[in-house]
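Single-letter residue listing:
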Amino acid sequence: MGYKLKTLFMKKMIAKKQKNNPFDYEAGENYALSNNDDWSINNSYYFSAHGAKESLYCRLGIRNCHSEVWFYYSDGSELYVLKDMLFKGDVPLNVHRTALGWKVEYKGQLTKKDGLNVSAEFEGEYSSSEPPVDFFSHMPPIRTAKAMAGEKWSKEFFAEVQSNNQVHYEQTGRLVGLLKIEDKIHKIDLPCVRDHSYGKRDWNYMNNHLWLMAVNETSQFNFSMVSYPAMTLLEVGNFKRANKPMAFMIDASYDRSAVITGSAPNNLNLTIILNDKSKINVVINKTDEDAYLFQNGDYCLIEGIAQFTIGNEKYRGILEVGFNKDKNRIFNGKDLRKIKI
């Protein structure tokens, strides 16, 4: 079966699965690990809030063996980041659901640019009137269909794809609260993207990835690329503009060689075609970054802060890349010019 026929076949199969298995938001919001889950099962909460010059992001990844914690804040001049990521027992970051959304609380130390440790406390609440976007149920079937059609099919291939499924959804809202660092109080009132993912996450299974997320007071942009042993290149995205319905990416053009170097690019340009037939140009300039090592160095994730220009509008957000320690695995070692997208 040729690439085009495989794409059409998978597009129909995925559309049918999406229709028969709609995204269950309440099940996602109430998900929790069981005592029998092994180390690979993850329940991860991530909040990323940005203004014109200000950024705050935090992550709580819960596993039965430990928790993974991030906390980062910059007001445009000062920078504070949590340097220790792994915690057992008590953790400095806690999140829980409320009537309005999610409460986010942090109490611990942060490190300044000069290496000085300072005490910090944050209490904030995330709320949203926007529906969530699930990375499987809501994305156009053509994106996953093309990614699967480019691979050699076998029983083992489909079994591997199924075994590594996880639920992953995002929601645009607002994060409001107070951040106290030493004796200074920062009032946080920023547009924010909340990311929740759960299920099996073995960082060593990933080859490499790219995630771009940008917000301003009226709009939000998202683009994700990931490479797995069973699926060399999967790309999805969406764009929510003020007073317009959510639009989803059906095609993307950018220099993919810029994200195979083992580092985060300083600049990146994309051209995105959306399912409402519009085309957008995205210009990204990284301003800062921090690196996180998972599973004893199996996978390095670089979380970059970036300024975005989309059309004529300014945004701020995340340029995130990740790489397996075995660099020969990037895009499964394939020639980028020969990967069908």
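Presented here is an overview of the structure given in this document.

**Quick word on empty space enclosed by the protein**
To locate leftover empty space, one rolls a probe as large as a water molecule over the atoms.
Then step 1. Under the criterion given, the structure shown has one cavity of 30 Å³ or more.
Then step 2. Empty space within the largest cavity amounts to approximately 40 Å³.
Then step 3. Around the largest cavity, the lining residues are Arg 143, Lys 146, Ala 147, Leu 233, Glu 235, Lys 340 and Ile 341.
Then step 4. When residues of the lining of the largest cavity are assigned to their parent elements, the largest contribution, three residues, is made by helix α3 (residues 141-149).

**So, the nonpolar core**
Then step 1. Counting 36 residues, the largest nonpolar core has Tyr 57, Trp 70, Met 148, Tyr 292, Phe 294 and Ile 318 as the members making the most contacts within it.
Then step 2. Those residues in contact with Met 148 that lie beyond four places of it in its chain are Met 10, Ile 14, Trp 153, Phe 157, Phe 158, Val 161 and Met 231.
Then step 3. Residues Tyr 254, Val 259, Tyr 315 and Phe 331 belong to the second largest nonpolar core, which totals 32 residues.

**Examining the environment of Asn 285**
Then step 1. One can find Asn 285 in strand β17 (residues 279-294).
Then step 2. Judged by relative accessible area, which is 34%, Asn 285 ranks as partly exposed.
Then step 3. Sequence-wise, Asn 285 and Arg 316 are 31 residues apart; in three dimensions their C-alpha atoms are separated by 9.6 Å.
Then step 4. Setting aside chain neighbours within four positions, we find Asn 285 in contact with Asn 266, Asn 267, Ile 305, Ala 306 and Gln 307.

**Regarding the state of the cysteines**
Then step 1. A complete count under the given rule lists zero disulfides for this structure.
Then step 2. With no disulfide partner, Cys 58 has as its closest neighbouring cysteine sulfur the one in Cys 192, 7.7 Å distant.
Then step 3. With relative accessibility at 1%, the residue Cys 58 sits in the buried group.
Then step 4. Free cysteine: Cys 300, not disulfide-bonded; nearest cysteine sulfur from Cys 65 at 19 Å.
Then step 5. By relative accessible area, which is 22% here, Cys 300 ends up partly exposed.

**With respect to a nonpolar patch on the surface**
Then step 1. A cluster of nonpolar residues, Met 1, Leu 5, Leu 8, Phe 9 and Met 13, forms a patch on the protein surface that exposes about 550 Å² of accessible area.
Then step 2. With respect to the helices and strands, the residue Phe 9 is situated in helix α1 (residues 3-20).

**Topic: the layout of surface pockets**
Then step 1. By volume, the second largest pocket amounts to about 340 Å³.
Then step 2. Residue lining of the second largest pocket: 22 residues in total, with Glu 130, Thr 172, Gly 173, Thr 218 and Gln 220 positioned closest to the centre.
Then step 3. Going through the elements one at a time, β10 (166-181), β11 (184-200) and β14 (234-240) are the ones with two or more residues in the lining of the second largest pocket.
Then step 4. It is β10 that contributes the most residues to the lining of the second largest pocket, five residues altogether.
Then step 5. Split by residue class, the lining of the second largest pocket holds seven nonpolar, 10 polar and five charged.

**A word on the environment of Ser 257**
Then step 1. If you trace the backbone, Ser 257 turns up in the loop between β15 (247-254) and β16 (267-274).
Then step 2. For Ser 257, a relative accessible area of 35% corresponds to the partly exposed category.
Then step 3. Within the structure, the side chain of Ser 257 is placed 2.4 Å from the side chain of Asp 255, a separation counted as a polar contact.

**Concerning the side chain of Ser 55**
Then step 1. For Ser 55, the location among the structural elements is in strand β2 (residues 55-62).
Then step 2. Among the polar contacts made by the side chain of Ser 55, one reaches the side chain of Arg 316 at a distance of 2.7 Å.
Then step 3. Non-local contacts of Ser 55, meaning those with residues more than four positions away in its chain, are made with Ala 49, His 50, Tyr 72, Tyr 73, Ser 74, Ile 305 and Arg 316.

**Re the sheet that holds strand β18 (residues 299-310)**
The pairing of strands in a sheet happens through backbone hydrogen bonds and is either parallel or antiparallel.
Then step 1. Reading around the barrel, the eight strands line up as β12-β13-β14-β15-β16-β17-β18-β19 and close back on themselves, with antiparallel pairing between neighbours. In this sheet, neighbouring strand axes are inclined to one another by 30 degrees on average, regardless of whether the strands run parallel or antiparallel.
Then step 2. As paired strands, β17 and β18 are joined by 12 bridges and run antiparallel to one another. Opposite Glu 289, over in β18, you have Gly 304 as the bridge partner.
Then step 3. Here α3 sits on the sheet in contact with β14 and β15, set at roughly 165 degrees to β14.

Analysis parameters
- Residues numbered from 1 in each chain as written.
- Predicted model: local features only at pLDDT ≥ 70, side-chain atom pairs only at ≥ 80, totals over all residues.
- Heavy atoms only, no water.
- 1 Å grid on protein atoms, 1.4 Å probe; cavity = no way out; pocket = protein on both sides within 12 Å on 5 of 7 lines; lining within 4 Å.
- Points joined across faces, edges and corners; volume = space filled by probe spheres on them.
- Helix = DSSP H or I, 4+ residues; strand = E, 2+ residues; numbered from the N terminus.
- Core = buried A, V, L, I, M, F, W, Y, C linked by side-chain atoms within 4.5 Å.
- Buried < 20%, exposed > 50% of the residue type's maximum accessible area, 1.4 Å probe, protein only.
- Contact = heavy atoms within 4.5 Å.
- Disulfide = S-S within 2.5 Å.
- Patch = residues over 30% accessible without salt bridge, like charges linked within 9 Å, V, L, I, M, F, W, Y side chains within 5 Å.
- Areas by Shrake-Rupley, 256 points an atom, 1.4 Å probe, with all protein chains shown as cover.
- Salt bridge = Lys/Arg side-chain N within 4 Å of Asp/Glu carboxyl O.
- Nonpolar A, V, L, I, M, F, W, Y, C, P; charged D, E, K, R; others polar.
- Polar contact = N/O pair within 3.5 Å; in protein donor to acceptor, adjacent residues only side chain to side chain.
- Pairing = 2+ DSSP bridges.
- Axes fitted to C-alpha atoms, helices over the stretch in contact; angles between N-to-C directions.

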